[in-house]
Amino acid sequence: MAHLPSQETQFKIVSDAAQNFVDNYYESLNKRQPLEQYYASTSKHLTAALVKPDISINGRVVDSVAAYGSMLDDQGINVHYDVQSFDAHPLNPNYAIGCPEAISLSSTDDGPGGRSKMVSKSIKDGDRLSFAVQVSGTVRYGKPENNPPSTTNGAASASAAASAAASAAAVAAEPTQQTPLEKGWGPANTPVAPTPQIVVPAVSDKPLEMEFNESWLLVPHWEALGKNAPRGLRKWVVVSQNFRAL
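Here is what the cut-offs are and how they apply
Residues numbered from 1 in each chain as written. Predicted model: local features only at pLDDT ≥ 70, side-chain atom pairs only at ≥ 80, totals over all residues. Heavy atoms only, no water. Phe/Tyr/Trp six-rings, centres within 6.5 Å; stacked < 30°, edge-to-face > 60°. Helix = DSSP H or I, 4+ residues; strand = E, 2+ residues; numbered from the N terminus. Buried < 20%, exposed > 50% of the residue type's maximum accessible area, 1.4 Å probe, protein only.

Once that is clear, we can look at the packing of aromatic side chains. Inspection of the entire model under this criterion finds 14 aromatic pairs. Between Phe-21 and Tyr-38, the ring centres sit 6.2 Å apart and the planes meet at 75 degrees, which makes this aromatic pair edge-to-face. Taken together, the residues Phe-21 in helix α1 (residues 7–30) and Tyr-38 in the loop between α1 and α2 (44–48) connect sequence positions 17 residues apart. The exposure class assigned to Phe-21 is buried, which follows from its relative accessible area of 2%. Aromatic side chains Phe-212 and Phe-243 sit 5.6 Å apart centroid to centroid with 20 degrees between the ring planes, which places their arrangement in the stacked category. Highlighted residues: Phe-212 in strand β5 (residues 208–220) and Phe-243 in strand β6 (residues 236–245), separated in sequence by 31 residues. Across this residue pair, the class does not change: Phe-212 and Phe-243 are buried. Taken together, the aromatic side chains of Phe-21, Tyr-25, Tyr-26, Tyr-38, Tyr-39, Tyr-81, Phe-212, Trp-216 and Phe-243 make up a single cluster linked through ring pairs.

Dropping the structure here:
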């Protein structure tokens, strides 16, 4: 009979795994790197057990990681996620859905290397934990510009006013662009004001910034367990993601 990991072991494993996930995932997100490696759909064993990522963005269900990637592409390149805090806690100390027969407790083939002992040790060490992560932070849409120095010089003020008027005319002539809120990244069911047609001077120009909460559920990546596991695989993968802008 396998012994479950102690409470101390569970919290230590989950704390380290959550830190690793948050650091790497949001770095990949900000650098617009591929995200498939972080999700359960990368695991053949989980997929065969009908486990697929459940992704929700402001209440909108997203069918796949690829579809989520398309949503991110629609935001444009000047989007940055800044994690301010996160909290994690263990859920199931011995997650078993999709576990391959060769490394499950039900396997009767102990083998010369003592497979049952290996499996029991893996469970006791916390390798098969599932856990939840709650992330809070801010997301910024738009590239911040360097503000020009303030001045009371009349000529400079007139020049700034002329520049602002020219910018406003240029924007008025361009097709209206969707804002991040109109694209579904803002708070759900929140009325969105029309896109402004007047550009304020650069001295007060700021990118759109809003707070967000994101909830995650991660489970063992079975292909990453074992002595001969391929290098570079994530040890835990996402089965649930719920993003909410505030």
